[in-house]
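Descriptive structure summary
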Amino acid sequence: MKKLTMTLACVLAFSSASLFAKDWEMVRIAVDVPYEPFEYKAPDGSLTGFEIDLGNAVCADIGVKCEWTIQAWDGIIPGLLARKYDAIMSSMSITEERAKKVLFSEGYYNTPSGWFGKKGAGIDVSDKASLKGKKVGVQRGTLQDNYVSDNLGDVVEIKRYTTADDQVLDLKGGRLDLVFVDFPVGEQTILKDENYEAVGDLVKLGDGVGVAFRKRDKDLAEKFNASLKKLKENGTYKKIMDKYFKYDIMI
Amino acid sequence: MLEAFLALFADNDIFNPPTLLHYWDGLVTTVQLVFLALLIGLIIALPLGIMRASDNPWISRPIWLYTYAFRGTPLLVQLYLIYYGTAQISGIQESFLWEILADAFYPCLIAFVLNTAAYTTEIIRGAIKATPRGEIEAAKAYGMSWFLRLRRIVLPSAMRRGLPAYSNEVIFMLHASSIASVVTIVDLTGAARDIYARYYAPFDAFIFVACIYLCLTFVLIFTFRKLENKLMAHLRPLS
């Protein structure tokens, strides 16, 4: 008899949970601020940024209420699993390791990587032969490192750095001809010095950034995917993107 | 045993020909760097050690200042100062010096040479100071000049006395060379860091490189043991 009640209780608990899950009225989304221009606080204290605007647009589209929760990066996945919020939209790159713990939506943005060098050096990054012997700086183990190693490893001399700061220092110190980094990082650090410029076309690497959900909330992830696709097609996405970026980050 | 080892070798993702080649390049760089640093360091340290052992404070004090500065600061800091510091000096990038300093290898070699020379100077100075007074007095009684005394009496016995301490310095230099990887040199440690970052396998990448360092250390210990047995034979008890 005891066993039967236990089983019944379990069945009831599970069915009520799944019933509850079907019916999203409010989605709580976690962000780690500040990470300009993706999420930061406006002077009046309100949350703003590319991901906030995009998240609100998605919520409006699927007809739920969005509530934003501020959460430090270290605990952002544990907090999701502990049901403190239902989704993470905080520039989280899709990686294999994270995908073991959380369910990712399709990528919703990918910042391009860019080449940076001294102004007027006249280096053509699309011409592989002309890059022979050039010293290229990358951050060790990043997507950019893999890209340069695989595509240009046989012609250029690759210098690997632990931090982006060290490689910028060596570019300005004249030890590197080119640096290949995440474009926003280069824009913030290298382009502040007017003697340096972005060289050649931007390159998109990896799967980009996705919304993270709990593994069981497949229905919510599907709603987000469908809505993101729709926003990309009807131009809402582009409108939000143009508000914050001068270059294309859509994938 | 060998088959088990080969089987282990066959079904892993990390130790394939390109990564082994990367490790090999790292080994060559480490050996070059350490060998050159020790050789040049020893050549510099010999006259400095003799000057440091001098009784004239105008000669020994400046050398003391040098050894104090380089033994009193971490090698990593010295490397940063020489590698990043020199690049900041205005006008250096147009001068002939930049030919040498632009590459990471030479700033690193300079840092290692200055560091090991400071330690070796003190080892030589200690060994010279420990020369028994009687030997020097006897040499003086024979009418030997300062230089002849140094060449025939003081240095040969000081070299023997300094050898065990110097073998430690050689091994420390090999281990210290691993910090070359922070200024983009791909030495053994640099190779391990590259491979770790690429395959997310810290244990495999570093345990392999640790074994190579152990082998190198073993070769050094063995060589110095032989050398000590040969040069210090007169100090061994008869058995």
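Computed from a predicted structure; not experimentally measured.

The number of helices and strands found in chain A is nine helices and 12 strands. Oriented by its inertia axes, the alpha-carbon framework of chain A measures out at about 80 × 40 × 30 Å. Summarising the internal contacts of chain A: among those between residues at least 6 apart in sequence, 68% fall at separations of at least 24. Total accessible area on chain A stands at roughly 13,200 Å², and carbon and sulfur atoms take up 54% of it. With 36 positive and 38 negative side-chain charges, chain A shows a separation of 5 Å between the mean positions of the two kinds.

Now for the nonpolar core. Ranked by internal contacts, the top residues of the largest apolar core, which has 82 residues, are A:Ile29, A:Phe50, A:Leu54, A:Phe224, A:Ile249 and B:Phe112. Residue assignment places this core across two domains, with domain 1 (25-110 + 207-244) and domain 2 (113-203) of chain A each supplying three or more. Filtering out sequence-adjacent residues up to four positions away, A:Ile29 remains in contact with A:Cys59, A:Cys66, A:Glu67, A:Trp68, A:Thr69, A:Tyr85, A:Ala87, A:Ile88, A:Met89 and A:Phe224. Membership of the second largest hydrophobic core comes to 16 residues, among which are A:Val136, A:Val148, A:Val199 and A:Leu205.

Turning next to helix H10 (residues 202-231) of chain B. Residues and elements named next belong to chain B. The terminal C-alpha atoms of H10 lie 43 Å apart, and with 30 residues this matches the ideal 44 Å at 1.5 Å per residue to within 8%. Along H10, the positions that sit buried rather than exposed are Ala205, Val209, Ile212, Tyr213, Thr217 and Phe224. The inward-facing, buried residues of H10 contact helix H2 (17-52), helix H8 (146-176) and helix H9 (188-199).

Here we come to the domain arrangement of chain A. Along its sequence, chain A is organised into domain 1 (25-110 + 207-244) and domain 2 (113-203). Using only C-alpha atoms to locate each centre, domain 1 of chain A and domain 2 of chain A end up separated by 31 Å.

Time to look at the sheet that holds strand E5 (residues 87-88) of chain A. Two pairing modes exist for strands in a sheet, parallel and antiparallel, and in both the strands are linked by backbone hydrogen bonds. All names here are of chain A. With mixed pairing, five strands are arranged side by side in an open sheet as E4-E1-E5-E12-E6. The two strands at the open ends of the sheet, each matched to only one other strand, are strand E4 (65-70) and strand E6 (103-109). Pairing analysis gives six bridges linking strand E1 (residues 26-31) to E4, with the strands arranged parallel. Each bridged residue has a counterpart across the sheet, and for valine 27 the counterpart in E4 is cysteine 66. Of the strands in this sheet, E1, E4, E6 and strand E12 (209-213) are in contact with helix H2 (residues 50-62), which crosses E4 at around 150°. Packing against the sheet, helix H8 (residues 218-234) makes contact with E1, E6 and E12, and its axis sits at approximately 10° to E6.

Right, let's talk about the packing of aromatic side chains for a bit. In this structure the tally under the stated criterion is 25 aromatic pairs over all chains. Here A:Arg175 stacks its cationic end above the ring of B:Tyr83, 3.7 Å away from the centre of that ring. Across the ring face of B:Trp64, the terminal group of B:Arg61 is positioned such that the distance to the ring centre comes to 5.1 Å.

Taken as a whole and judged by the stated rule, the model has one cavity of 30 Å³ or more. The space that makes up the largest cavity amounts to roughly 30 Å³. What lines the largest cavity is simply A:Lys135, A:Lys159, A:Tyr161, A:Asp170, A:Arg175, B:Tyr83, B:Ala102, B:Asp103, B:Ala104 and B:Thr184. Within the lining of the largest cavity, the residues separate by chemical class into four nonpolar, one polar and five charged.

Definitions and cut-offs
Residues numbered from 1 in each chain as written. Chains lettered and ligands numbered in written order. Predicted model: local features only at pLDDT ≥ 70, side-chain atom pairs only at ≥ 80, totals over all residues. Heavy atoms only, no water. Helix = DSSP H or I, 4+ residues; strand = E, 2+ residues; numbered from the N terminus. Contact = heavy atoms within 4.5 Å. Areas by Shrake-Rupley, 256 points an atom, 1.4 Å probe, with all protein chains shown as cover. Lys, Arg positive; Asp, Glu negative; His and termini not counted. Charge placed at Lys NZ, Arg CZ, Asp CG, Glu CD. Core = buried A, V, L, I, M, F, W, Y, C linked by side-chain atoms within 4.5 Å. Buried < 20%, exposed > 50% of the residue type's maximum accessible area, 1.4 Å probe, protein only. Domains from an automatic or database assignment. Expected span 1.5 Å × (residues − 1). Pairing = 2+ DSSP bridges. Axes fitted to C-alpha atoms, helices over the stretch in contact; angles between N-to-C directions. Phe/Tyr/Trp six-rings, centres within 6.5 Å; stacked < 30°, edge-to-face > 60°. Lys NZ or Arg CZ within 6 Å of the ring centre and 35° of its normal. 1 Å grid on protein atoms, 1.4 Å probe; cavity = no way out; pocket = protein on both sides within 12 Å on 5 of 7 lines; lining within 4 Å. Points joined across faces, edges and corners; volume = space filled by probe spheres on them. Nonpolar A, V, L, I, M, F, W, Y, C, P; charged D, E, K, R; others polar.

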